[in-house]
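The residues making up each chain are set out below.
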Amino acid sequence: MSDKKAPFPAKNIAIITGLEIIGDGLIKLPLLRALRDAWPGAKIHWITAKGSTVYNGPLKATTSLLIDEIHEQPSWLLMPDEDEPAPEFDIVFDTRGRWKLALQARCRLPHKLFIAHAFGYLFSDRRPPLFTGRPKRIIERLLQMVELAAGYKPETTGRLPIPEELIEQAHEIMPTGETYIGFSPGAGNGIKKWPLENFKIVAKDQAQKGRIPVFILGPQELDMYD
């Protein structure tokens, strides 16, 4: 990691997304860590434009130290209203990747610095150097936005808070003293799922090496339980 510089001064930071189901929420955890690393004292506002977010549901406790306020489809983002004006933010990050949405957000949300990677950062106040390649992975594109505002690559790792009752349940299911290998065969979209038979092959291989396979199932994978 490069030496830290003084990031753009910010007390209120807005992150605009579409929505997050569990997979999206897990993928974006490094983004939350990076924001908190660069602006430890700022108030982080997570704003959804389409629906709800798992940060206000299953991952709420886990991200409680990384997000200060959650706004799910606020009227001041979707349709300007004189009776309910949009809050003022020091930095606005638009993560959605659509240039029309980025332009709307730039016009509707009062800000000092606006960062959006849509259409090659066309409507962004800061952008990568000319001829910089577009990162292939979604999380890399999101972290690039944070780096542009911070002026350095913020830390993206670190332990997240886990509710004590979940830790106790995990110890009951998986007593200490063994080595466990986790497998998550589900996905929000069935097209993205790796064939279950492939998971079984890898799990059997790990079992032969003395490790215990542990399958993590969500509500959509309960038919696999038996």
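Just so it is clear, the model here is predicted, and its values are computed rather than measured.

Caption draft 1: Inspection of the overall build of the protein chain at higher detail. Each helix and strand counted, the protein chain has eight helices and seven strands in total. Along the three orthogonal principal directions, the C-alpha set of the protein chain runs to about 60 × 40 × 35 Å. In the protein chain, which comprises 226 residues, the proportion classed as buried is 37%. Considering only contacts in the protein chain between residues 6 or more positions apart, those separated by 24 or more positions represent 64%. For the protein chain, the accessible area works out to roughly 13,800 Å², and carbon and sulfur atoms hold 55% of it.

Caption draft 2: Spotlight on the packing of aromatic side chains. Within the structure shown, the criterion is met by seven aromatic pairs. Look at Phe-183 and Phe-199: their rings are 6.4 Å apart centre to centre, the planes differ by 85 degrees, and that puts the pair in the edge-to-face class. Taken together, the residues span a long stretch of sequence, with Phe-183 in strand 6 (residues 180-183) and Phe-199 in helix 8 (residues 196-208) at a distance of 16 residues. With respect to burial, Phe-183 and Phe-199 carry one shared label: buried. Put simply, the rings of Phe-183, Trp-194, Phe-199 and Phe-215 touch in pairs and so form one group of aromatic residues.

Caption draft 3: How the structure looks around unusual backbone geometry. Residues other than glycine seldom take positive phi values, yet Phe-119 does so here, at roughly 55 degrees. Assignment of secondary structure puts Phe-119 in helix 5 (residues 118-121). According to the relative accessible area criterion, Phe-119 is exposed, its value standing at 58%.

Rules of the game
- Residues numbered from 1 in each chain as written.
- Predicted model: local features only at pLDDT ≥ 70, side-chain atom pairs only at ≥ 80, totals over all residues.
- Heavy atoms only, no water.
- Helix = DSSP H or I, 4+ residues; strand = E, 2+ residues; numbered from the N terminus.
- Buried < 20%, exposed > 50% of the residue type's maximum accessible area, 1.4 Å probe, protein only.
- Contact = heavy atoms within 4.5 Å.
- Areas by Shrake-Rupley, 256 points an atom, 1.4 Å probe, with all protein chains shown as cover.
- Phe/Tyr/Trp six-rings, centres within 6.5 Å; stacked < 30°, edge-to-face > 60°.

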